[in-house]
Structure formats: structure tokens, C-alpha cells
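One letter stands for each residue in the lines below.
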Amino acid sequence: MNDLIHKGAWELSQLMTGGQVSSQEVTTACLERIAQVEPAVAAFLHVDAERALELARRVDQRRADGQELGPLAGVPVALKDAFAYAGAPTTCGSLILRDWIPPYNATVTQRLLDAGLVILGKTNLDEFAMGSSTENSAFGPTHNPWDLERVPGGSGGGSAASLVAFETPLAIGSDTGGSIRQPASVTGTVGVKPTYGGSSRYGLVAMASSLDQPGPCARSVLDAALLHQVIAGWDPKDSTSIDAPVPDVVAAAQRFDLAGLKVGVVEELGGEGYAAGVEQRFAEAVALLEAGGAEVRQVSCPHFPLALGAYYLIMPSEVSSNLARFDAVRYGWRVDDDGDHSVEQVMRRSRGAGFGAEAKRRIILGTYALSSGYYDAYYGSAQKTRTLIIEDFAAAFEQVDVLVSPATPTTAFKLGERVDDPLAMYKADLCTIPSNLAGNAAASFPIGLSPQDGLPVGLQVMAPPLADDRLYRVGAALERALEEQWSGPLWAELARREERP
Amino acid sequence: MALSRDDVAKLADLARLELTETELERLVGQLDLILTAVDSVSQAATAEVAPTSHALALVNVMRDDVVTASLPREAVLAMAPAVEDGRFRVPRILGESA
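Everything numeric here is computed off the predicted structure, so don't read it as measured data.

### A look at the confidence of the model for chain B
- Looking at chain B as a whole, its pLDDT mean stands at 89, while 95% of the residues score no less than 70.
- This prediction of the complex comes with two scores: 0.97 for pTM and 0.93 for ipTM.

Written out as C-alpha cells, the structure is:
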């Protein structure tokens, strides 16, 4: 377990700075690991090996030249395939974009490159980031390294799985209703959704623009904070990005102190529908927070039970509008362009052939919710419910500094188990959706394996807008307390299993 | 309210989305279930509650009116489904009924 592939970003950074290892060695180790485990895990849609090695070589050269480099220079990272990376396929898990290679970089991609990170490739996701299992990917599902028969969560299952398959120490995700946090929860990794507007959406293929938010994924809290610091901050190319300083998340991740922090347990996120093993680990983690000096109390957010309904009207409405751009005119897959069919017929057929079942379901649902005569009853009511959710958060944050809940009601479910039951699939995001509707910061941290099935459980922390640092303060203290109990990180169990004959 | 097969076909038409008969049938049943499940939003949505379209207070963002570099034409056309004479080629637009 002392291989390069098991080391975190911060440790690799120190080894590289100290000259004990080169970025090329680290990158090669990751690429070899990818080649070894991809047949079973399928976390990547595209491995950008040649360019990754070239990026690594350049960082090593700059370091040898004595140039000042950022803390993550030379550290490998995997990029969710919803972010544009010039020269690499960017499919969004959809047939309609299967041959698309963007001519530009997303702001997140550009910031990774500017900070000297080594992009290993593009990770699998549910089509256009719509799903909670990666089973909606047109290119097949990703498997959860804890149990290959189970889902890695979604939509960012590829990014989350790649971390505990030890293919990369860092990954980028995007979170619209839980697509960073729910996969983090079911893979035992750290996933953070920054405050809406805290990181740029420029070049992130849009799903629901008022909800989408890029964020960091890692195996440890400090690594996630370091990656957060690289990608976050104002971007003139995204009119919804916030022109304010990024909170010092790295300092917060090194504080390890909860004294006086007021923590609210959300009463509505528990009980019926929640697995007993999830609730047990959650209660134990809350007790640890209390033992660490936090003041814990119950807090009611009475409108949270309506969040799922509001989300499944607002999100498809925005989806139906955003996916209208895939018209087979300027880019994307075009079918039946044979001279006999008009542009509109080609458009219908291309969209019919290019979109998968979930994308179609959401386009139709959104078209209905926005249609004349039903707008007030559906979209209008959902927008009002969104106001009530925001008010619940505001009232709660007058009493406490952060809110906590399980990150998802159950552990990883089996591949295929929920594919034909959209409503069961949607419920995986029950706990994560409120923070997307309200735009506040939220994260999932690993808190152990469920005694029921031995699968990872995550704790969600929710903080007020622009108080992202509080997520890391809680996460770091929790991580330290748990690692003392376990004599190491949760993921070490996976590495041990592999070493056993 | 229950959606009929024709309703869903009409919505697909509005969304410029070709669906097979099987897809239509399946969607009718699923959309009904989903709409029933989301109906709870109407409970809380009273007249006094103001709607929220965005979590942030949005302001219009203007940039300085200066020319900046744009993508070269070849880069933009490289990913087009069809190109002719340095432009996007599209299927015929007129004569829809033909």
C-alpha cells in the first residue's frame, strides 16, 4: 500500500517538490493502473495518455528549471466528460456528441492546466449528467470498486469510482441535484458542491443552468480543498459566477477543531426510506462531531420534503430548453441527411437517435411543465417551492453554522435494480437536492461502511452560500476522528482487499 | 391530470424529438407516475409566496465593448456535421410538405 497510486495529491505534491518522485513517474503509475483496472471498473470514456505524459514532462522540466509551481503542479486529475477539453472527445455520455471534440477549454479545464495538473482523461457519467447510477451513459455503466455488481452513483460515477479504483488521486465533477455528493457517498470518497456561482460553468455542457455547479472530488478532505482552490473563483465568461474572494478552504481543511461550531441535524432527512445501516453510521458520526466540541441540535426544515417534486419540474424545464441546442446543424450527430429530408425532419430524427431514454423523458416532462396552460400549476408552483426551501435554509442558518444529514438514503444499489423505475432512481438525490435549489455549499464525507452490507456511507454537510470553508472544517475534523478509530482512511480497506491472496 | 398517448406525441412534436411507438407507450405511463409524485408542490405554492427562478440575485453583466480573439473558422467548422464552401451546410429548409 505504499505505491504511488495510493498516495493523495498533497503527499504526491510534497514528494515531487522534494525531488523524490517526478510527475512523469506518478502519471505513468496512474496510466498503468488505468490499463489494469478499466476492464472491470470502466470509469473512463477516454484516456488521454499521450498528452498526460507530455503535460507531466513539462511540469518536471519547469520544476527542474527552478520555476515556482502551485501545490498541485504535476498531480494527475480525471475530468468528468461534461467539461470541454480542447482536442479530447467530450461526449457527455451521449450518442449525440459521440464524435465531438471541442475547440476550446472549459474554464475549469483551463485552470487545471494553468495550475500544472495532469489531465489523465475523461470520466463516465449518466447522459448529460442525468442520473444517479451512470447507467444512463450511452457507453455503458461504471462499476463501483467496493462491489463491481453495484453502481458508483451518478451522474459523476466515473469520477468517484476512479478515485477508489486508485486510477487518479483527484477528479472533477459537476453537481445539479447531487451528482458530486451522491457518488462520493456510495464510493466512500469526498465530494464537494461549491456555492452556486463559486466555480465557473463556462465550458461545462449545460444540464440545468440555475442548478449546475462544478466541484472537486478526492480521497481526502485536504486534497479536495486544494483542488477546490484551483478551480474556484470569479470568471468573466460565466455571468452567474460570483465576484467575491474564495473562502480559505485549504486553511479550513487543516484546522481540525470544532469547538463552538453549531451543527443542526435536519429532522426531515431521515426515517422512512432510509437504510438502518446508513442511519446508524450517521448517528455515530454526529456523536463524533459532538465529542469534538460541536454543539449539536435538531433543526426542522419543513419544506424539504417538497424539494424532490420542485426539482423534477424545474430541472426538466431547464433541460428541455438547454438540450434544444442539439439540433444537428452546427455540431453533433446528424442522421438521414440524404437530400430527401428537410432540416426539421433531420433534426427530429437526429435527436430521436442521439438522445437516450432519460434525456427524452426529461425533455418531454420539461416541455409539458413549461407549456401554456400548465406553466402556473407546474413550473410556477415549483419556483414558489424553491422560495420556501431557501427560506428554510435561511431560518436554519440563523440557529446553526452548518446542517448535516445522510448524503443519500441508502448505500450503493445493484446495477439494473432501478433502471426501469425512474422514481426510485430519483430518490437517491432526496438529501442533496435542497442545496441545489437554494444554491448553498454542500459536501459528502465518508463515515464508514454500513453494518448491513459493508458498503460506504456518506455524511452531508450543508453551509450557507459563500461559507464553503465550513464544509472543510467539519470534514477535516470528522476525517481525523474517524481515521483514529480505523487506524487509517476508509479506502485503505479496498487496498488491503487487493493485497490479500 | 392524466397524459394521453396523443398528448405525449404532441409534446414530442413541440420538442422536435422523434419517438418510436414503444418509447411513446412507455413514456405515457412513466410521465403519469412522475407527475403524480411531483404534484405535492402545489400544496405549498400559495399566492403569497414569490417564485424563485435563480438562487442568486442575478444582475445583468456587461463586458467592455472591445474586440477579442474568436475561434478560427476552420476550428468552428471542424466539428460540423456537414460543410460546404467554408460554411455550415444544412438540409433543405423550404418545401417541408414535399
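### What to know about the packing of aromatic side chains
Residue and element names in this part refer to chain A.
- Tallied over the entire structure, the rule returns 14 aromatic pairs over all chains.
- By way of ring pairs, the aromatic residues Trp100, Phe128, Phe326, Tyr331 and Phe355 are connected into one cluster.
- Here the basic side chain of arginine 98 rests over the ring of tryptophan 333, its NZ or CZ set 4.2 Å away from the ring centre.
- The positively charged end of arginine 418 is found above the aromatic ring belonging to phenylalanine 413, 4.0 Å away from the centroid.

### Digging into the environment of Ser155(A)
Residues and elements named next belong to chain A.
- Checked against the element boundaries, serine 155 lands in the loop between strand E3 (118-123) and helix H5 (157-164).
- Take serine 155: its relative accessible area is 0%, and that puts it in the buried class.
- Sequence spacing of serine 155 and aspartate 175 is 20 residues, and the spatial spacing of their C-alpha atoms is 8.2 Å.
- Once residues within four sequence positions are removed from consideration, serine 155 is found in contact with Lys80, Asn124, Leu125, Asp126, Ala129, Met130, Gly131, Ser132, Thr134, Ser174, Ser179 and Pro183.

### What about the interface of chain A and chain B?
- Contacts between the two partners involve 62 residues from chain A, matched on the other side by 53 residues from chain B.
- Summing both sides of the interface, chain A and chain B together bury roughly 5000 Å²; the carbon and sulfur share of this comes to 68%.
- Scanning the region where chain A abuts chain B turns up five salt bridges.
- Among the ionic pairs, Asp13(B) bridges to Arg348(A), the shortest N-O distance being 2.7 Å.
- In this assembly, chain A and chain B are joined by 17 residue pairs in polar contact (both at pLDDT 80 or more).
- Of all the secondary structure elements, the ones that give two or more residues to the side of chain A that touches chain B are helix H10 (307-322), helix H11 (343-354), helix H12 (357-369), helix H13 (376-399), helix H14 (422-426) and helix H15 (433-438) of chain A.
- Of all the elements, H13(A) adds the most residues to the side of chain A that touches chain B, at ten residues.
- Here the residues of the side of chain A that touches chain B sort into 30 nonpolar, 19 polar and 13 charged.

### So, the packing of helix H7 (residues 221-231) of chain A against helix H16 (residues 468-486) of chain A
Residues and elements named next belong to chain A.
- Following both chains from N to C, one finds H7 and H16 inclined at 160°, their axes separated by 9 Å at the closest point. In terms of orientation, H7 lies roughly antiparallel with respect to H16. As for how H7 packs across H16, the hand of that crossing is left-handed. Here Val221, Ala224, Ala225 and His228 of H7 lie close against H16, whose contacting residues are Asp468, Tyr472, Gly475, Ala476 and Glu479.
- Within the contact of H7 with H16, the residues separate by chemical class into five nonpolar, two polar and two charged.

### Observations regarding the nonpolar core
Residues and elements named next belong to chain A.
- Of all hydrophobic cores here, the largest spans 158 residues; its most connected members are Leu112, Phe128, Leu403 and Tyr472.
- Among the elements that take part in this core, H10 stands out by supplying nine residues, more than any other.
- The residues contacting leucine 112, other than those within four sequence positions of it, are Val77, Leu79, Leu117, Ile119, Ile172, Leu227, Val230 and Ile231.
- Within the second largest apolar cluster, eleven residues are counted, among which are Trp146, Val164, Ala492 and Leu494.

Basis of the calculations
- Residues numbered from 1 in each chain as written.
- Chains lettered and ligands numbered in written order.
- Predicted model: local features only at pLDDT ≥ 70, side-chain atom pairs only at ≥ 80, totals over all residues.
- Heavy atoms only, no water.
- pLDDT = per-residue confidence, 0-100.
- Phe/Tyr/Trp six-rings, centres within 6.5 Å; stacked < 30°, edge-to-face > 60°.
- Lys NZ or Arg CZ within 6 Å of the ring centre and 35° of its normal.
- Helix = DSSP H or I, 4+ residues; strand = E, 2+ residues; numbered from the N terminus.
- Buried < 20%, exposed > 50% of the residue type's maximum accessible area, 1.4 Å probe, protein only.
- Contact = heavy atoms within 4.5 Å.
- Buried area = accessible area lost by both parts, 1.4 Å probe.
- Salt bridge = Lys/Arg side-chain N within 4 Å of Asp/Glu carboxyl O.
- Polar contact = N/O pair within 3.5 Å; in protein donor to acceptor, adjacent residues only side chain to side chain.
- Nonpolar A, V, L, I, M, F, W, Y, C, P; charged D, E, K, R; others polar.
- Axes fitted to C-alpha atoms, helices over the stretch in contact; angles between N-to-C directions.
- Parallel < 35°, antiparallel > 145°, perpendicular 65-115°, else oblique.
- Left-handed = near helix turned anticlockwise from the far one by under 90°.
- Core = buried A, V, L, I, M, F, W, Y, C linked by side-chain atoms within 4.5 Å.

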